[in-house]
Amino acid sequence: MAMKAIVKSVISGDSLLLRGSPGPQGQIPKERVLHLADIQAPRMGTASRDDEDWAFESREFLRALAVGKPVTFTSTHALPPSDDVPRDIGTAEINGVDLASELLKNGWAKLKDLKRDPTDEDTRKREIEAEARAAGKGIWNPHGPKARATNYMMPTDSQGFLAEYKGQPIDGLVEQVKDGSTLRIRLLMPDGDHQFVNIALAGVRCPRVASKQGEASEQWGEEAKFFTESRLLQRYVKVTLLSLPNAAPTPFQAGANATAPPPATIFIGTVSVLHPAGNVAEHLVSAGLARVVDWHAGMLASSGGMERLRAAEKVAKEKRAYLYANAPAPSAKSNGAALNGSSRSFDATVIRVWSADQISVVDRETGKERRLQLSSTRGPRPSDPKQAYWAQEAREFLRKRLIGKHVKVHIDFIRPREGEFEERECATVRYGGQNLNIAEQLIEKGLATAVRHKRDDEDRSPEYDKLMAAEQAAAAEGRGLHSGKDMPAPKQPLNISESAHRATTFVNGFKRLGRIPAIVEYVAAGSRFKIYLPKDNQVLTLVLSGVRAPRTARNASESSEPYGLESAEFATRRYMQRDVEIEIHDADKSGGFIGALYLNKTENAAITLVKEGLATVHPYSADNLSWAKQLYDAEDEAKQAKRNIWKDYDEAAEQATEAPAEDANGPLKTEYLDVIISDVRTKPHFAFSIQILNTEGIASLEQLMREFSLHHKTVAAPAAGFVPRAGDLVSAKFSDGQWYRARVRRASPIKKEAEVTFIDYGNQDTVGFSDIRPLDPRFRSLPGQAHDARLSFVKLVPAESEYHEEAVDRFRQLCEGRKLVANIDHKEGSLLHLRLIDPTNPAVAHDPYESINVELVREGLATVDKKGCRYLSSYPAMAKKLQEAITTAKRDRAGMFEFGDVEEDD
């Protein structure tokens, strides 16, 4: 009786493995072996014996003719079953074509010697065989089979084999399906040899199928196996080898003396059918018969394979198919949805790095501070001696890239409170113009690892596969944690503020160094910082000079002063963990260092705090600072704006409690400044300009001039028709050939030249339009550093005097280009009336009124200016000193008194 089946596979050129159709409920069909009657084909080899000649070609002919197709067969004789699989001898037809006859016709089988009387059918087959033999077809080819080696065992040097063929598509024939995701494949190597390999499909794992009698398969294992067999068994595929199954050793397990790995029993790779259907792994997952293997992400992420698997997984979960029948419903994680009343996605500024995987940010819209855990990321633990070095490296990596930077935050999920661990928002944090995921960068550098989530744990980073890929890249390159190196734990920094005695020994050295690069480790209060000096591995306490910030409570029993918390919070958000520069002035009795803190080289923290109304000027310490005036100006600004501490400031009430105000010509508070005379002019009248030294402005000017010089090496000529106008800020070339910032005093389009004042030095010149350029906006922010000045109390002899030229020369000799000390005795708008003091003159140590002003009078080259300096009467001691100088000049007949008393009659 004729029966119908489907050819599952071809065992050899004369034997078929048949299967029925799946049952109505998807039951796995039964199988049976059919040996074609009366013919014999070459036997296929095994691991213990070689193929017979033409065995592969004979089987290949029948495989191409029959596999996967419906067959009609008749059993003529039943054989004993093998492993419960029935075996028969019989005949088979496909689409009316007798398979035995077709094999004989093409020379891929021969007739057996019959022990019965031949029938007409036997005679016909004998004739077919004779024709094939005469034509030299198949096994009758007189030249013999093509020489090839068939290796039935896995390559002995699996590492070398993988290194040679990794990533290259190789043609292969699926010989066996062990389970839905594990295949035995015959690779058709480029040199013609055949190599058998075991392949685990990359990115997926199917339930295991029993391999021994009496074992039970995992649920859905047989279904997954049938799914793959029905599509791939004895089909040609493209195989891409990707990896060996042993995952890279976890951090700190890899040792320097690791032994060579044993030969592998399986490779991991992708298997694609030569068909538009593509990669079978994706179809297994979408059918619900395989799960995605997270740690394979590194092999597949770059090609987009992992994304396709995740998409297939999503389909299976939605269908609740097989393995995903009890999967939780996919969570709707939309970017705009609120979470616990807060936005899921927001822009923020990073204000603190807590560890290798935790940071604090401030929401730029709401101002709310939020502490975040990087999603699916685990940083090294400082408490573990083996990880401590990498923990510090990771924290520093985050600090350098994120502190103070604008980032984009997306809250992925909230990790609930568990034991001693608080509830924490877990987020993906992106920064920079390319929106880089900082967690991915950390892991890629080997400074963190990806968390291994439970199979159905949906609370994970939306870019989890990229994190896994980054980790495997780091492991492959041996970076960071994966290097296998035993890095010593970082040494604890030396606390040089431990005692006043220890701090004092460092003060003079710090003073000589000037500004010192540092990192703000902690903000204790608005004006008190813990500073780390990375170069020397030292920490110190820094107290800002010249200011006092409100105190904050140090414990629960204390209360903070008004605006103490606000001051500390402001300083924390602005300076915490920033790269700064510090300048040490002194040490206090508790070991703290008194000095200045600069952010971005120009921002003085003390001035910023005062300007924000979060600190007040401390006159006793401020008056000796070179930037005391800036402090007082900042405080005045805060008062006028009624910021924070000054919220209830009443200017009228304060003035009422002060001493009567000084009149316009009253004496000013002593204010000594380090200055240099940058320019001396005699036209239209005698005047000079100064630069005030040891200020932020001068430091900034030096940097500006370096950049200014580089800028003008490449700047193009101005557009045709460019005409500078009076009052314009420009770049102008001075007679020394260098470019400087200048302000146009007047311009002549006819002469094509302009009179300019160089605002950083005070000198003036007439410059052609060809040597003038518009001032680039980035060089405009720094105010001009030159200040117009004149001598307090005195004036040089008039221009008509024969001693005027000598007086100017003497002033230049005493002052020009020298560092002097000046006191501002009066301000006339922006014009400073200065008492100039030569610090090298020993007389000034015991006489505060000894000055260059007095010396010029004593030498008969200057006179008391009673009209121009009406404030003289407010300085009686100075008036007396000047009178003594005049008496000396007359007695010695110095300068203009050479021929007697020529003092003008006032």
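Model, not experiment: these values are computed from the prediction. (Residues numbered from 1 in each chain as written. Predicted model: local features only at pLDDT ≥ 70, side-chain atom pairs only at ≥ 80, totals over all residues. Heavy atoms only, no water.)

Student: Would you mind showing me how to read the overall build of the protein chain here?
Tutor: Of the regular secondary structure elements, the protein chain holds 21 helices and 47 strands. Taking all 906 residues of the protein chain together, the buried fraction comes to 46%. Approximately 46600 Å² of the protein chain is accessible, and the part contributed by carbon and sulfur atoms is 49%. Separation of charge centres in the protein chain, based on 124 positive and 128 negative side chains, amounts to 4 Å. (Helix = DSSP H or I, 4+ residues; strand = E, 2+ residues; numbered from the N terminus. Buried < 20%, exposed > 50% of the residue type's maximum accessible area, 1.4 Å probe, protein only. Areas by Shrake-Rupley, 256 points an atom, 1.4 Å probe, with all protein chains shown as cover. Lys, Arg positive; Asp, Glu negative; His and termini not counted. Charge placed at Lys NZ, Arg CZ, Asp CG, Glu CD.)

Student: What exactly am I supposed to notice about the packing of aromatic side chains here?
Tutor: Aromatic ring pairs: the centre-centre distance and the angle between the two ring planes describe each pair. In total, this model carries 19 aromatic pairs according to the counting rule given. Geometrically, the ring pair formed by F734 and F758 is edge-to-face, given 5.2 Å between the ring centres and 75° between the ring planes. Taken as a pair, F734 in the loop between β38 (729-733) and β39 (739-748) and F758 in strand β40 (residues 753-758) lie far apart in primary sequence, 24 residues in all. Taking relative accessible area as the criterion, F734 reaches 23% and is therefore assigned partly exposed. An aromatic cluster is defined as three or more aromatic residues linked by ring pairs; in this entry it consists of F734, Y740, F758 and Y761. Sitting over the face of the ring of W354, R352 holds its NZ or CZ atom 3.8 Å from the ring centroid. Seen from the ring of W646, K639 lies directly overhead, with NZ or CZ sitting 5.0 Å from the centre. (Phe/Tyr/Trp six-rings, centres within 6.5 Å; stacked < 30°, edge-to-face > 60°. Lys NZ or Arg CZ within 6 Å of the ring centre and 35° of its normal.)

Student: Please explain helix α21 (residues 876-891) as it appears in this structure.
Tutor: Helical geometry note: an α-helix holds 3.6 residues per turn, so side chains three or four residues apart project in the same direction. Here α21 contains 16 residues, and its C-alpha end-to-end distance of 23 Å stays within 8% of the 22 Å for a straight helix at 1.5 Å per residue. Among the residues of α21, those classed as buried are M878, K881, L882, A885, I886, T888 and A889. Across the axial projection of α21, the buried residues extend over an arc of 160°, all falling on one side. Residues of α21 that are exposed and point more than 90 degrees away from the buried face comprise P876, K880 and R891. For α21, the secondary structure elements touched by its buried residues are β44 (794-796), β46 (831-837), α20 (852-858) and β47 (862-864). Taken from the residues just after α21, R893 is the one with a positive phi, measuring 50°. (Expected span 1.5 Å × (residues − 1). Arc of directions from axis to C-beta. Contact = heavy atoms within 4.5 Å.)

Student: Sorry, what's going on with the sheet that holds β40 here?
Tutor: Either a parallel or an antiparallel arrangement is found when strands of a sheet pair, and the pairing is made through backbone hydrogen bonds. One open sheet accounts for five strands, arranged β41-β40-β39-β38-β42; its pairing is antiparallel. Only two strands of the sheet have a single partner each, and these edge strands are β41 (764-768) and β42 (772-774). Looking at each pair of strands side by side, their axes are set apart by 45° on average, direction ignored. Across five bridges, the pairing between β38 and β39 is antiparallel. Paired with L729 across the strands is R743, a residue of β39. (Pairing = 2+ DSSP bridges. Axes fitted to C-alpha atoms, helices over the stretch in contact; angles between N-to-C directions.)

Student: Would you take a moment to explain the nonpolar core for this structure?
Tutor: Nonpolar side chains in soluble globular proteins tend to end up buried together. Judged by nonpolar contacts, the single largest core of 83 residues is most densely connected at I185, F267, V271, I359, V407 and V409. Tallying contributions element by element places helix α9 (residues 388-402) first for this core, with five residues. With residues up to four places along the chain from it excluded, the contact list for V409 reads R344, S345, F346, A348, L372, A427, T428 and V429. Core analysis: the next-biggest nonpolar cluster, separate from the first, contains 45 residues, V797, L834, I886 and F897 among them. (Core = buried A, V, L, I, M, F, W, Y, C linked by side-chain atoms within 4.5 Å.)

Student: Could you clarify how one ought to interpret helix α12 (residues 500-513) in this entry?
Tutor: For α12, spanning 14 residues, the distance from its first C-alpha to its last is 20 Å, which sits close to the expected 20 Å at 1.5 Å a residue. Along its length, α12 reaches its greatest deviation from straightness, about 35°, at V507. Where the residues of α12 are buried, they touch β28 (516-525), β29 (528-533), β30 (538-544), β32 (579-587) and β33 (593-599). (Bend = angle between axes of the 7 residues up to and from the residue.)

Student: What am I meant to see in the layout of surface pockets here?
Tutor: Where empty space is left can be seen by rolling a probe of water-molecule size over the atoms. Within this model, the second largest pocket holds a volume of roughly 1500 Å³. V543, L544, S545, H585 and I594 are, among the 48 residues lining the second largest pocket, the residues nearest its centre. Of all the elements, helix α18 (residues 696-714) adds the most residues to the lining of the second largest pocket, at seven residues. Of the residues belonging to the lining of the second largest pocket, the class tally is 17 nonpolar, 16 polar and 15 charged. (1 Å grid on protein atoms, 1.4 Å probe; cavity = no way out; pocket = protein on both sides within 12 Å on 5 of 7 lines; lining within 4 Å. Points joined across faces, edges and corners; volume = space filled by probe spheres on them. Nonpolar A, V, L, I, M, F, W, Y, C, P; charged D, E, K, R; others polar.)

Student: How should I be thinking about the side chain of N853 in this particular structure?
Tutor: By the element assignment, N853 lies in helix α20. A distance of 3.0 Å separates a polar atom in the side chain of N853 from the backbone nitrogen of L836. Apart from residues no more than four positions distant in its own chain, N853 is found in contact with L791, S792, V794, L834, R835 and L836. (Polar contact = N/O pair within 3.5 Å; in protein donor to acceptor, adjacent residues only side chain to side chain.)

Student: Is there a simple way to explain a positive patch on the surface in this structure?
Tutor: Where like charges cluster on the molecular surface, the positive patch consists of K400, R401, K445 and R479. Its place among the elements puts R479 in the loop between α11 (464-477) and β27 (494-495). (Patch = residues over 30% accessible without salt bridge, like charges linked within 9 Å, V, L, I, M, F, W, Y side chains within 5 Å. Salt bridge = Lys/Arg side-chain N within 4 Å of Asp/Glu carboxyl O.)

Student: Honestly, the pairing of strand β2 (residues 15-19) in this entry has me stumped. Any pointers?
Tutor: In summary, the side chains of a regular strand alternate between the two faces of the sheet. Of all five residues in β2, five are buried; the element is thus mostly enclosed. Residues of β2 alternate between two faces, with S15, L17 and R19 on one and L16 and L18 on the opposite face, all of them buried. With five bridges joining them, strand β1 (residues 3-12) and β2 adopt antiparallel strand pairing. Directly across from S9, in β2, lies its bridge partner L17. Turn length for the β1-β2 hairpin, with the two strands adjacent in sequence and antiparallel, is two residues. Pairing between β2 and strand β3 (residues 31-36): five bridges, direction antiparallel. Counterpart to L18 in the pairing with β3 is R32.

Student: Would you mind going over the environment of H618 with me for this structure?
Tutor: As for its placement among the helices and strands, H618 is situated in the loop between β35 (616-617) and α15 (619-622). Between the C-alpha atom of H618 and that of R515, which follows or precedes it by 103 residues, the distance is 22 Å. Aside from chain neighbours lying at most four places away, what touches H618 is G546 and V547.

Student: Teacher, can you tell me more about the sheet that holds strand β43 (residues 786-791) here?
Tutor: Spatial strand order, β36-β37-β43-β46-β45: five strands in a closed barrel with mixed pairing. Adjacent strand axes in the sheet meet at a mean angle of 55°, parallel and antiparallel pairs treated alike. In this structure, strand β37 (residues 687-692) lies alongside β43, joined through four bridges in antiparallel fashion. When the sheet's bridge partners are listed, F688 is paired in β43 with A789.

Student: For this particular structure, what's the right way to read the confidence of the model for the protein chain?
Tutor: In the predicted model, the protein chain carries a mean pLDDT of 86, and the fraction of residues at 70 or more is 93%. Low confidence marks residues 332-336, where pLDDT is under 50. Its contacts with residues over four positions away, or in another chain, come to nine contacts. (pLDDT = per-residue confidence, 0-100.)

Student: Mind showing me how you'd approach unusual backbone geometry here?
Tutor: Leaving glycine aside, a negative phi is the common case for residues, and trans is the common case for peptide bonds. Residue Q234 is not a glycine yet carries a positive backbone phi of 55°. By secondary structure assignment, the location of Q234 is in the loop between α5 (221-232) and β14 (236-243). Phi angles above zero are rare outside glycine, and Y563 is one such case at about 65°. Among the structural elements, Y563 can be located in the loop between β31 (547-548) and α13 (564-575).

Student: Looking at this model, I keep getting lost on the environment of E93. Mind explaining?
Tutor: For E93, the location among the structural elements is in strand β6 (residues 85-94). Residues within four places of E93 in sequence aside, it is in contact with V71, T72 and D98.

Student: Any chance you could explain the pairing of β38 here in plain terms?
Tutor: Buried residues dominate β38, accounting for four of its five residues. Joining the antiparallel neighbours β38 and β39 is a turn of five residues, in which G737 adopts a positive phi near 90°. Where β38 meets β42, three bridges bridge the pair, whose relative direction is antiparallel. Paired with S731 across the strands is R773, a residue of β42.

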